[in-house]
Amino acid sequence: MATGRTHRPATRSRGIPEATVARLPLYLRALTALSERSVPTVSSEELAAAAGVNSAKLRKDFSYLGSYGTRGVGYDVEYLVYQISRELGLTQDWPVVIVGIGNLGAALANYGGFASRGFRVAALIDADPAMAGKPVAGIGVQHTDELEHIIESNGVSIGVIATPAGAAQQVCDRLVAAGVTSILNFAPTVLTVPDGVDVRKVDLSIELQILAFHEQRKAGEDGGPDGGPPSPATRAAAAAVTGHRKGPDGDVPAVMPA
């Protein structure tokens with residue numbers, strides 16, 4: 001089976017906008033659910049509603065794939081599943097390494113959705129010597145000293161960073177130097193990478209803060225009573241929502257376990 005190192009997705013070369021690429025997994029998830037229910041066809045309105053977008057945007061997105069559907073019939077579900085999977089590069093094997101096997105890294109390792117979506121966890125890596133050899137999700141944890149060898153021997157091009165913030169950039173640099181060209185970053189920090197390396201950041205604390213903003217607006221609370229400064233209780237609640245605690249590298253979101 002081909003590995004991610006030698007085969008790259010064709011989305012960029014075919015001029016598909018990044019915003020469209022970001023929505024393709026949403027369509028694929030909705031289509032997969034329809035396929036599992038043996039639904040043969042779906043209208044643009046039904047699929048758009050399932051994916052959480054408007055139907056005009058969906059039709060525009062699919063036009064980049066060369067898929068226009070049939071008037072009065074809709075889209076063939078199985079064909080769209082294949083078409084989007086191929087465009088996303090999911091019809092091939094993508095070996096992935098996860099670096100940082102604390103609470104979050106272990107949870108990612110145990111996530112069952114990777115294999116069904118074309119991703120194979122090739123290795124789990126941690127800097128703690130005490131973790132070496134311990135099985136997590138049926139895979140023995142390996143020490144970071146072996147990182148470069150693991151990447152080369154498995155043809156890895158995608159790395160997942162789930163380390164504390166202070167270690168993330170160094171791990172990132174080693175991954176890139178070893179040949180990794182795509183990184184999913186769960187560490188609460190911004191990574192610096194050279195041109196040609198893609199980084200996607202997942203920060204749960206930021207998402208919670210955005211939800212807190214909307215909750216505050218819905219409650220009409222822009223500050224303390226009568227528009228004054230927030231009370232100690234309000235400040236404490238805000239600290240709880242944002243989840244910050246002091247760590248060796250400054251504030252570390254508590255919802256991002258290392």
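For clarity, every value in this text was computed on a predicted model and none was experimentally measured. (Residues numbered from 1 in each chain as written. Predicted model: local features only at pLDDT ≥ 70, side-chain atom pairs only at ≥ 80, totals over all residues. Heavy atoms only, no water.)

A.B. asks: Describe in detail the overall build of the protein, supporting the description with residues and values.
C.D. replies: A count of helices and strands for the protein gives 10 helices and 11 strands. Residue burial in the protein is summarised as follows: out of 258 residues, 37% are buried. Counting only contacts in the protein whose residues sit at least 6 apart along the sequence, the fraction spanning at least 24 positions is 60%. For the protein, the computed accessible surface area is about 14,200 Å², with 56% contributed by carbon and sulfur atoms. (Helix = DSSP H or I, 4+ residues; strand = E, 2+ residues; numbered from the N terminus. Buried < 20%, exposed > 50% of the residue type's maximum accessible area, 1.4 Å probe, protein only. Contact = heavy atoms within 4.5 Å. Areas by Shrake-Rupley, 256 points an atom, 1.4 Å probe, with all protein chains shown as cover.)

A.B. asks: Could you give an account of the side chain of S55, naming the residues involved and the relevant values?
C.D. replies: Its location among the elements puts S55 in helix 3 (residues 55-65). Sequence-distant contacts of S55, defined by excluding residues within four places in its chain, comprise S44, E45 and A48.

A.B. asks: If you had to explain the packing of helix 2 (residues 44-51) against helix 3 to someone new, which residues and values would you point to?
C.D. replies: Contact geometry for helix 2 and helix 3: axes closest at 8 Å, N-to-C directions at 100 degrees. Judged on the interaxial angle alone, helix 3 and helix 2 are roughly perpendicular. Two secondary-structure elements touch here, helix 2 through S44, E45, L47 and A48 and helix 3 through S55, L58, R59 and F62. Taken together, the residues of the contact of helix 2 with helix 3 break down into 4 nonpolar, 2 polar and 2 charged. (Axes fitted to C-alpha atoms, helices over the stretch in contact; angles between N-to-C directions. Parallel < 35°, antiparallel > 145°, perpendicular 65-115°, else oblique. Nonpolar A, V, L, I, M, F, W, Y, C, P; charged D, E, K, R; others polar.)

A.B. asks: Outline the pattern of salt bridges, listing residues and values.
C.D. replies: Any two side chains of opposite charge can pair, so long as their charged atoms come close to each other. As enumerated under the stated definition, the model contains 6 salt bridges in all. Where D93 meets R120, a salt bridge forms, and the shortest distance between an N and an O atom there is 3.1 Å. Of this pair, D93 sits in the loop between helix 4 (77-87) and strand 3 (94-99) while R120 sits in strand 4 (residues 119-126), and the two are 27 residues apart along the sequence. Accessibility expressed as a relative area gives 12% for D93, which makes it buried. The residue E215 makes a salt bridge to K218 at a minimum N-O spacing of 2.7 Å. Placement of both E215 and K218 in helix 9 (residues 204-219) is noted, with a separation of 3 residues, approximately one turn of the helix. For K218, a relative accessible area of 64% gives the class exposed. (Salt bridge = Lys/Arg side-chain N within 4 Å of Asp/Glu carboxyl O.)

A.B. asks: Describe the pairing of strand 3, with residues and values.
C.D. replies: The buried fraction of strand 3 amounts to 6 of the 6 residues, a majority that puts the element mostly inside the structure. In the sheet, strand 3 pairs with strand 4 via 6 bridges, with the strands oriented parallel. Bridge pairing links V96 to V121 in strand 4. Pairing geometry for strand 3 and strand 7 (residues 158-161), over 4 bridges, is parallel. Each residue of the ladder has a partner; that of V97, found in strand 7, is G159. (Pairing = 2+ DSSP bridges.)

A.B. asks: Talk me through the nonpolar core; I want residue IDs and the actual numbers.
C.D. replies: Core analysis: the biggest nonpolar cluster contains 23 residues, and Y27, L31, V42, L47, L58, F62 and I84 have the highest contact counts within it. Of all the elements in the fold, those that place two or more residues in this core are helix 1 (18-36), helix 2, helix 3 and helix 4. Sorting elements by how many residues they give to this core places helix 1 first, with 7 residues. With sequence-adjacent residues up to four places away left out, Y27 is seen in contact with L47, A51, V53, K57, L58, D61, F62 and I84. (Core = buried A, V, L, I, M, F, W, Y, C linked by side-chain atoms within 4.5 Å.)

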